[in-house]
Amino acid sequence: MRCAVVTAARATEHAEDDGRGDGHAGGATTAGAGRAVPAAGPLPRPLLRSAVELYLDLHAHPELSGHEHRTAGRLAARLAEHGCTITRSVGGGHGLVGVLRNGPGPAVLLRTELDALPVTEATGLPYASTVPGVMHACGHDLHIAAVTGAVALLAASRDAWRGTVLVVGQPEEETLSGARSLLEDGRLYERFGVPDAVLAQHAAPLPAGTLAHAPAGGPPLMAGSIAVEAVLHGRGGHAATPHLNLDPVLMAAATVLRLRTVVAEETVPAEQAVLTVGSVRAGERGNITPDHAELSLTIRAFTEAALDRLVAAAERAVRAEAAAFAAPRVPGFTVTARSPALRPDPGLTALVRRAHEALLGPGRVLDLAGSAATEDFPRFAAGGVPAAYWMLGTTGAGPWRAARAGGGPVPPNHAPGFAPDVRAALPVGITALAAAARQVLDPGPAEERGTAS
């Protein structure tokens, strides 16, 4: 998921002092309305050290979608240390569920992703990826470390809450297929119960030490998307006899240019939509005309109607170009994944935001405009389960100041230079998840006595 986010002006206002990097999370003591939030102080050093160690290890050993065996094992081991009951291979892949029970009460689901991206890292970090061509360029390693830290906090404070914490380690988020496999093939809610709320956060190129929520009444937080694989058929042969061949590379080039006009032709100017051809694959050698070319594209929009309209137009464009070239076969056009727009529940989001403002202070909790980034997290909210989702700032003060002073832009998610400031971002990620979970869980007997007195 690429986080192309736009924030309120105070994102820059507070960037100068972002992320003290000392394990602190903020200042105030209560969450504005109702539920108390523990005073924000330094995290226990062993807890933070353990989370950082996990992050560094995961960053150095990324695994692509569908191959997250080691990553799932590391997450499972950490959750088990904190008292979770672990179930592996949920959904037929590397999905896992950790269950932390603490008496009767609500159930809250914390989601973290497991997969990395086919990106060659160029950060120069001492803990950079050791896997050629694979990198945690979207922050999923940070998400995993944060959720283990949050579970550690919750496990150590069982007298302050009641209920059940479900931790879902989701594979294949980058292909938009992991959530569906967990819920449908793995029968997640049938086996582990329907939670009262689902929560997730995502790394973003915002000032480290900040969080960002979608404002009430705004557009969806993220677009819906459709992923497509198209195959164009030609007639292969010797490069010296183009008159005997039908070049699918030329057909693919014309198709890409035609696809780039689809959004302009199929949407009104005020409607936000994006069509991207992210991969073109054809041939092996320069002296051979191949017999086919393959295109991978994504379509992003904020309504299901717009997605349907754009994918139909894209298929017409692909078929029309093939017909114009007199292709010997009708092109393939296969939708491989689809995800709805992400619309966090307003009531739950307001509750979680107040908890975050209590932890960090209102100035470090920013407003977030809608983004063309996409996620399959909305599937966990199917059937009306309330969902809250927020962004976790990862950009250190130095790179932020440099970008503000006219230097190069901060490397975004999916870029080879994406490098979260772990010292500033991870403590906030841990406490943000734990505080949000406590807003769903029942207060424990100790807290109830304190409130009564």
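Residues numbered from 1 in each chain as written. Predicted model: local features only at pLDDT ≥ 70, side-chain atom pairs only at ≥ 80, totals over all residues. Heavy atoms only, no water.

A. Representation of the pattern of salt bridges within the structure. Summed over the entire model, instances satisfying the criterion amount to 18 salt bridges. E229 is the partner of R281 in a salt bridge, and the nearest nitrogen-oxygen pair spans 2.9 Å. Remark: E229 occurs in strand β7 (residues 224–233) and R281 occurs in strand β9 (residues 273–282); sequence separation between them is 52 residues. Given the relative accessible area of 30%, E229 is considered partly exposed. (Salt bridge = Lys/Arg side-chain N within 4 Å of Asp/Glu carboxyl O. Helix = DSSP H or I, 4+ residues; strand = E, 2+ residues; numbered from the N terminus. Buried < 20%, exposed > 50% of the residue type's maximum accessible area, 1.4 Å probe, protein only.)

B. Examining helix α12 (residues 422–440) more closely. The end-to-end C-alpha distance of α12, which contains 19 residues, comes to 27 Å, matching closely the 27 Å that a straight helix rising 1.5 Å per residue would cover. For α12, the buried fraction is high: 18 of the 19 residues fall into the buried class. (Expected span 1.5 Å × (residues − 1).)

C. A look at the packing of aromatic side chains. Taken as a whole, this structure holds three aromatic pairs when the rule is applied. Seen from their ring centres, Y55 and Y127 are 6.1 Å apart, and the 70 degrees between their planes marks the pair as edge-to-face. With Y55 in helix α2 (residues 45–60) and Y127 in the loop between β3 (107–113) and α4 (140–155), the pair connects residues that are 72 residues apart, well separated along the chain. In this structure Y55 comes out as buried when scored by relative accessible area, which is 0%. Measuring from centroid to centroid gives 5.9 Å for F377 and F380, while their planes differ by 45 degrees, and the two rings are tilted. (Phe/Tyr/Trp six-rings, centres within 6.5 Å; stacked < 30°, edge-to-face > 60°.)

D. Quick peek at the sheet that holds strand β12 (residues 332–339). In space, the four strands of this open sheet follow the order β9-β11-β7-β12, with antiparallel pairing throughout. Each having just a single partner strand, β9 and β12 make up the two edges of the open sheet. On average, each strand axis in the sheet is inclined to that of its neighbour by 15 degrees, with strand direction left out of account. (Pairing = 2+ DSSP bridges. Axes fitted to C-alpha atoms, helices over the stretch in contact; angles between N-to-C directions.)

E. View of the nonpolar core. Core analysis: the biggest nonpolar cluster contains 64 residues, and V165, L199, W390 and I430 have the highest contact counts within it. Element by element, the count of residues in this core is highest for α12, at twelve residues. With residues near it in sequence (within four places) discarded, I430 still touches L43, L47, L48, A51, A145, A146, G149, A150 and L153. Formed by 30 residues, the second largest nonpolar core is a distinct cluster that contains A214, A373, F380 and Y389. (Core = buried A, V, L, I, M, F, W, Y, C linked by side-chain atoms within 4.5 Å. Contact = heavy atoms within 4.5 Å.)

F. Highlighting unusual backbone geometry. With a phi angle near 50 degrees, R187 is a residue other than glycine that sits in the positive phi range. Its location among the elements puts R187 in the loop between α5 (178–185) and α6 (188–192). Even without glycine at this site, A326 takes up a positive phi of about 55 degrees. Position of A326 relative to the elements: it lies in the loop between α9 (304–324) and β12. Classification of A326 by relative accessible area gives exposed; the value is 56%.

G. Seen up close, the packing of α2 against α12. Interaxial distance between α2 and α12 falls to 11 Å at its minimum, and their mutual angle equals 115 degrees. The element α2 and its partner α12 pack so that their crossing is right-handed. On α12, the residues that touch L47, L48, A51, V52 and Y55 of α2 are V422, L426, P427 and I430. Each residue belonging to the contact of α2 with α12 can be placed in one class, and the counts come to nine nonpolar, no polar and no charged. (Left-handed = near helix turned anticlockwise from the far one by under 90°. Nonpolar A, V, L, I, M, F, W, Y, C, P; charged D, E, K, R; others polar.)

H. Summary view of the layout of surface pockets. Of the pockets and cavities examined, the largest pocket occupies roughly 1,000 Å³. Around the largest pocket sit 33 residues that line it, and L117, E174, T298, R300 and H414 are the ones nearest its centre. In terms of residues, the lining of the largest pocket owes the most to one element, β7, which gives five residues. For the lining of the largest pocket, the per-class residue count stands at 16 nonpolar, twelve polar and five charged. (1 Å grid on protein atoms, 1.4 Å probe; cavity = no way out; pocket = protein on both sides within 12 Å on 5 of 7 lines; lining within 4 Å. Points joined across faces, edges and corners; volume = space filled by probe spheres on them.)

I. Inspection of empty space enclosed by the protein at higher detail. Taken as a whole, this structure holds one cavity of 30 Å³ or more when the rule is applied. Estimated volume of the largest cavity: approximately 40 Å³. Lining the largest cavity are L110, R111, T112, H143, V147, Q201 and L433. At the level of secondary structure, the elements contributing two or more residues to the lining of the largest cavity comprise β3 and α4. If one sorts the elements of the lining of the largest cavity by residue count, β3 sits on top with three residues.

J. Inspection of the packing of α4 against α12 at higher detail. α12 packs onto α4 with a crossing angle of 50 degrees between their chain directions and a minimal axis gap of 8 Å. Classified by the angle between their axes, α4 and α12 sit oblique to one another. In the crossing of α4 with α12, the sense of the turn from one axis to the other is right-handed. Residues L142, A145, A146, V147, G149, A150, L153 and L154 of α4 form the contact with α12, whose own contacting residues are V422, A425, L426, G429, I430, T431, L433, A434, A437 and R438. In the contact of α4 with α12, the residues fall into 14 nonpolar, three polar and one charged. (Parallel < 35°, antiparallel > 145°, perpendicular 65-115°, else oblique.)

K. Up close: the confidence of the model for the chain. For the chain, per-residue confidence averages 90 on the pLDDT scale, and residues scoring 70 or more make up 89% of the total. Segment residues 2–22: pLDDT under 50, and 58 contacts once partners within four positions in sequence are set aside and those in other chains are kept. The low-confidence segment residues 449–453, where pLDDT is below 50, has zero contacts with residues more than four positions distant or belonging to other chains. (pLDDT = per-residue confidence, 0-100.)

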